[in-house]
Amino acid sequence: IYHTPELTPTGKTPDCAIVVDVLRATSTIATVLASGGEAVQVFSDLEQLIAVSEKWPPEKRLRAGERGGAKVAGFELGNSPLDCTREVVEGRRLFISTTNGTRALQRIEHSPSVLAAALINRAAVVQYLLDKQPETVWIVGSGWEGTFSLEDTVCAGAIAHSLAEKSQFSQDELAGNDEVISAIALYSHWQNDLLGLFHQASHGKRLLRLESHEDLKYCAQTDILDVLPIQQELGVLKSQ
Ligand code: MLT
């Protein structure tokens, strides 16, 4: 298994793409599916989301939209995983568009397998890699409008660190590039205070200004949900 995280994919596709947007899109997607949501369908474009979701029975759908960290007016949900309780999402499809996370998912959607990963479901993602052993794996950090982000990089490091521990490969053998080595180092340094790291991250600070402290706390937990969001058809993720 090789890890090649690509912050800006270039048209090539890996055997397995793991998209990470810890704050908060992939944390939300994992939570929806763990709470009994039927599926999560992702969109980069709000107009397209509205057009597709309108064909769905109203009692079977939910619309979630975030721009700049804030909820899109007129949608039932923003992008807070804490709003995605079983009472709200069970049996429904979540149609979601966010600033970066859903765009990253769409950019890499033609890979043979596409997963959504966050810290909260890291163990399920690592187990998938151990079971399937895909030859090329990219961990795609969503970042913020094309830039590096601490929270996605630390999650990439958490995945690679756990994979090295559980497989017969050393961290050196797993690391396809320098980004993986630095991601593992970041995780090793902060693994006992991930919330502290989020407080230093630029998007963490943005969310704190929007009074989303509870979201940060929730997203900073590791391995709490046994759920693997995996793309079943273009743009549609279901729990495996
Ligand atoms: C994104 O997709 O950029 C994020 O999930 C933003 C957010 O925290 O809502």
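Whatever comes next refers back to the structure up there.
In this text the structure is predicted, and so the values were computed from the model without any measurement.

S.K.: It is not clear to me how the packing of aromatic side chains should be interpreted in this structure. Could you clarify?
M.R.: Aromatic ring pairs are reported here in terms of the distance separating the ring centres and the angle at which the planes meet. According to the stated counting rule, one finds 2 aromatic pairs in the structure shown. Measuring from ring centre to ring centre gives 5.7 Å for tryptophan 56 and phenylalanine 95, while their planes differ by 75°; the resulting arrangement is edge-to-face. In this pair, tryptophan 56 is assigned in the loop between helix H2 (46-53) and strand S4 (61-67) and phenylalanine 95 in strand S6 (residues 93-97), connecting sequence segments 39 residues apart. Its relative accessible area of 0% is what places phenylalanine 95 among the buried residues. One aromatic cluster is present, formed by Phe43, Trp56 and Phe95 through successive ring pairs.

S.K.: Which parts of the structure should I look at to understand empty space enclosed by the protein?
M.R.: By rolling a water-sized probe across the atoms, one finds the places where empty space is left. By the definition in use, this model includes 1 cavity of 30 Å³ or more. Put simply, the largest cavity is a space of about 100 Å³. Along its surface, the largest cavity is lined by 16 residues, and Asp21, Leu23, Asn100, Trp144 and His203 are the ones closest to its centre. Looking at the lining of the largest cavity, its residues break down into 3 nonpolar, 8 polar and 5 charged.

S.K.: Even after reading the chapter, I still don't get unusual backbone geometry, so can you show me in this structure?
M.R.: Comment: phi is negative for the bulk of residues other than glycine, and the bulk of peptide bonds are trans. With an omega of -5°, the peptide bond between leucine 23 and arginine 24 qualifies as cis. Following the sequence through the fold, arginine 24 ends up in the loop between strand S2 (16-20) and helix H1 (25-34). Its identity is not glycine, yet glutamine 133 carries a phi of approximately 50°, on the positive side. Of note, glutamine 133 is situated in the loop between helix H5 (122-132) and strand S8 (136-141). Backbone geometry at glutamate 211 places phi at a positive 60°, although glycine is not the residue there. Position of glutamate 211 relative to the elements: it lies in the loop between helix H10 (202-209) and helix H11 (213-219). Of the residues examined, glutamate 211 reaches a relative accessible area of 72% and is grouped as exposed.

Rules behind the numbers
- The written sequence of each chain sets the order in which its residues are numbered from 1.
- Since the coordinates come from a predicted model, pLDDT governs what is reported: local features require at least 70, and pairs of side-chain atoms require 80 or more to be given and counted, while whole-chain, interface and lining totals use all residues.
- Hydrogens and water are ignored here; the side-chain numbers use all heavy atoms of the structure.
- Between rings of Phe, Tyr and Trp, where Trp is taken as its six-membered ring, a pair exists when centres lie within 6.5 Å; planes separated by under 30 degrees are stacked, by over 60 edge-to-face, and by other angles tilted.
- Helical segments are the DSSP runs of H or I of at least four residues, strand segments are the runs of E of at least two, and each set is numbered from the N terminus.
- Summary of the burial criterion: residues with accessible area below 20% of their type's maximum are buried, those above 50% are exposed, and those between are partly exposed, where the area comes from a 1.4 Å probe applied to protein chains only.
- Lining residues are defined by having an atom within 4 Å of a point belonging to a cavity or pocket. Those points lie on a 1 Å grid over the protein atoms alone, cavities being sets where a 1.4 Å probe fits but cannot get out and pockets being open sets with protein on both sides within 12 Å along at least five of seven lines.
- Grid points are joined across faces, edges and corners, and a volume is the space filled by probe spheres set on the points.
- Classification convention: Asp, Glu, Lys, Arg as charged; Ala, Val, Leu, Ile, Met, Phe, Trp, Tyr, Cys, Pro as nonpolar; all other residues, Gly among them, as polar.

Read these as geometric descriptors, not functional statements.
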